Amino acid sequence: MSESTEFIRTASKNERRYIMRHALGFYNALTLTGLYTIPHTDSLNANNLDKFIPALKHCIAVHPFLSTAIKGENTENPSFVRPASINLRNHLHLVDMLSNSTSSSLTDKDDRDLHLITQVTKKIHDEPFVNVDQQPPWKVLIVPLSDEAASGQRVYIIFACSHSHGDGKSGLEFHKTFLEGLKYAHELYDQGYLYQTSTSALPLLPPLEEAANLSITWRYLFLNLFGRHMPSIACRLLGLQPPANIIHGFNAWTGRAMTFDPSKFHTGSEALLVKKDLLTSFYSIEIQVETLVLAPFSDKLSLTFEP
């Protein structure tokens, strides 16, 4: 028997696109992974999920989308609802890195860790969210590493969510809040797995279409209206770059005919390791970063957080 839910608001056009893409099986989880180091002096144990519950409850209280489910995902008019309670056993999982490895031939520790976490991330990315009308579409996976660093126990923490509930920057905000919760949330929350949502919970942010004026520049509008009829030399003289559909013709985005079999669909992934000195020359990130791991085909971003 399903629990009662509180209606929050109707999904926007952009959110509907994400919801339907998930419902059809064309896209699953967006993931962001943080590499945490737990000091030896800390009571937190990466193999004990109970210890992470207060931090997770803190994240749900701070980010209202984490307590939001989707009603009518298979319809033309899905909406966001809030269940009366959330069973965190459906959202927090412990993963054995070694059991997910297909290769133990790598001898370098960093290469082995990168290989293993890439495998786990691909698996998580391919798993669809279920019962989204009662369970908010997100999960957190705790992946302890077998070897410990001199500074403490190392553990990957993977945050995976539906694109209807966030993007890459949302994952960064989750990890910042989760790290904060690991330090202080045990003073406010217990380790029980049932989280009672509150009617006084923070409201959802408005849809992007309402929160910002999504204007179209005159340059873009002019080029799409008249660029097709302008000689290429005129476009160059005016400093205009014709859109791709003008360059390649009307069928540029139709693609080739193909079949979709969910049982055989798997995410392609490529991992790229970017060192800290190169990263900081391009990005300004408040938290200290050791390495950045990118897997562009699986939306995977991995950060090392300093304790």
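See the structure printed just above.
Scoring rules and cut-offs
Residues numbered from 1 in each chain as written. Predicted model: local features only at pLDDT ≥ 70, side-chain atom pairs only at ≥ 80, totals over all residues. Heavy atoms only, no water. Helix = DSSP H or I, 4+ residues; strand = E, 2+ residues; numbered from the N terminus. Buried < 20%, exposed > 50% of the residue type's maximum accessible area, 1.4 Å probe, protein only. Contact = heavy atoms within 4.5 Å. Polar contact = N/O pair within 3.5 Å; in protein donor to acceptor, adjacent residues only side chain to side chain. Pairing = 2+ DSSP bridges. Axes fitted to C-alpha atoms, helices over the stretch in contact; angles between N-to-C directions. Parallel < 35°, antiparallel > 145°, perpendicular 65-115°, else oblique. Left-handed = near helix turned anticlockwise from the far one by under 90°. Nonpolar A, V, L, I, M, F, W, Y, C, P; charged D, E, K, R; others polar. Core = buried A, V, L, I, M, F, W, Y, C linked by side-chain atoms within 4.5 Å. Salt bridge = Lys/Arg side-chain N within 4 Å of Asp/Glu carboxyl O. Phe/Tyr/Trp six-rings, centres within 6.5 Å; stacked < 30°, edge-to-face > 60°. Lys NZ or Arg CZ within 6 Å of the ring centre and 35° of its normal.

**Q** Looking at this structure, how should I read the environment of Ser 67?
**A** Secondary-structure assignment places Ser 67 in the loop between α2 (53–62) and β3 (69–71). For Ser 67, a relative accessible area of 3% puts it in the buried group. Expressed as a C-alpha distance, the spacing of Ser 67 and Ile 86, which sit 19 residues apart in the sequence, is 7.4 Å. Ser 67 has contacts with Ile 60, Val 81, Arg 82, Pro 83, Ile 86, Pro 136 and Thr 197, leaving out every residue within four places of it along the chain. Here the side chain of Ser 67 touches Pro 64 through a polar contact of 3.0 Å, landing on its backbone oxygen.

**Q** Hey, could you run me through the sheet that holds β3 in this one?
**A** Strands belonging to one sheet form pairs held by backbone hydrogen bonds; the direction of such a pair is parallel or antiparallel. Across the sheet, three strands lie side by side as β1-β4-β3; this open sheet has antiparallel pairing. Since the sheet does not close on itself, it has two edges, and those belong to β1 (5–10) and β3, each with one partner. Strand after strand, the sheet turns through a mean of 40° between neighbouring axes, direction not considered. In this sheet, strand β4 (residues 79–83) lies alongside β1 in antiparallel orientation, the contact comprising five bridges. Bridge pairing in β4 links Arg 9 to Phe 80.

**Q** Can you walk me through the packing of α2 against helix α4 (residues 168–184) in this structure?
**A** Two numbers describe a pair of packed helices, the interaxial angle and the distance between the axes. At a minimum axis separation of 8 Å, α2 and α4 run at an interaxial angle of 130°. By the angle class used here, α2 and α4 are oblique. Crossing angle aside, the handedness with which α2 passes α4 is right-handed. Here α2 contributes Ala 55, Leu 56, His 58, Cys 59 and Val 62 to the contact with α4, which in turn contributes Phe 174, Thr 177, Phe 178, Glu 180, Gly 181 and Leu 182. Of the residues that constitute the contact of α2 with α4, the class distribution is seven nonpolar, three polar and one charged.

**Q** Looking at this structure, how should I read the nonpolar core?
**A** Soluble globular proteins tend to bury their nonpolar side chains together. One finds Leu 88, Trp 138, Val 140 and Phe 178 to be the most contacted residues of the largest nonpolar core, which totals 27 residues. Looking at this core, the elements with two or more residues in it are β2 (30–39), α2, β7 (138–144), β8 (152–161) and α4. Each residue touching Val 140, except ones within four places of it in the same chain, is listed here: Leu 56, His 91, Leu 92, His 93, Ile 157, Ile 158, Phe 159 and Phe 174. Residues Phe 65, Phe 80, Val 143 and Ala 160 belong to the second largest nonpolar core, which totals 20 residues.

**Q** How should I be thinking about the pattern of salt bridges in this particular structure?
**A** Where charged atoms from two side chains of opposite charge approach closely, those side chains can pair. Applying the stated criterion across every chain, the model contains five salt bridges. Here Glu 173 and Lys 176 are joined by a salt bridge, their closest N and O atoms 3.6 Å apart. One end of the pair is Glu 173 and the other is Lys 176, both in helix α4 and three residues apart, which spans about a single turn. The exposure class assigned to Glu 173 is partly exposed, which follows from its relative accessible area of 39%.

**Q** Quick question: what am I supposed to make of α2 here?
**A** Since the α-helix advances by 3.6 residues per turn, residues separated by three or four positions end up pointing in the same direction. Of all ten residues in α2, eight are buried; the element is thus mostly enclosed. Regarding α2, the residues found buried are Ile 53, Pro 54, Ala 55, Leu 56, Lys 57, His 58, Cys 59 and Ile 60. Contacts from the buried residues of α2 go to β6 (92–94), β7, α4 and β9 (194–196).

**Q** What's the story with the packing of aromatic side chains in this structure? I'm lost.
**A** To describe a pair of aromatic rings, you give the distance between the ring centres and the angle between the ring planes. Evaluation of the coordinates by the stated rule reveals five aromatic pairs. Taking 5.5 Å as the distance between ring centres and 20° as the angle between the ring planes, the aromatic pair formed by Phe 174 and Phe 178 counts as stacked. Placement of the pair is Phe 174 and Phe 178 together in helix α4, with a separation of four residues, close to one helical turn. Each member of the pair, Phe 174 as well as Phe 178, is classed as buried. Through a chain of ring-to-ring contacts, the aromatic side chains of Tyr 36, Phe 52, Phe 159, Phe 174 and Phe 178 assemble into a single cluster. The ring of Tyr 193 has Arg 89 lying over it, and the distance from NZ or CZ to the ring centre is 4.0 Å.

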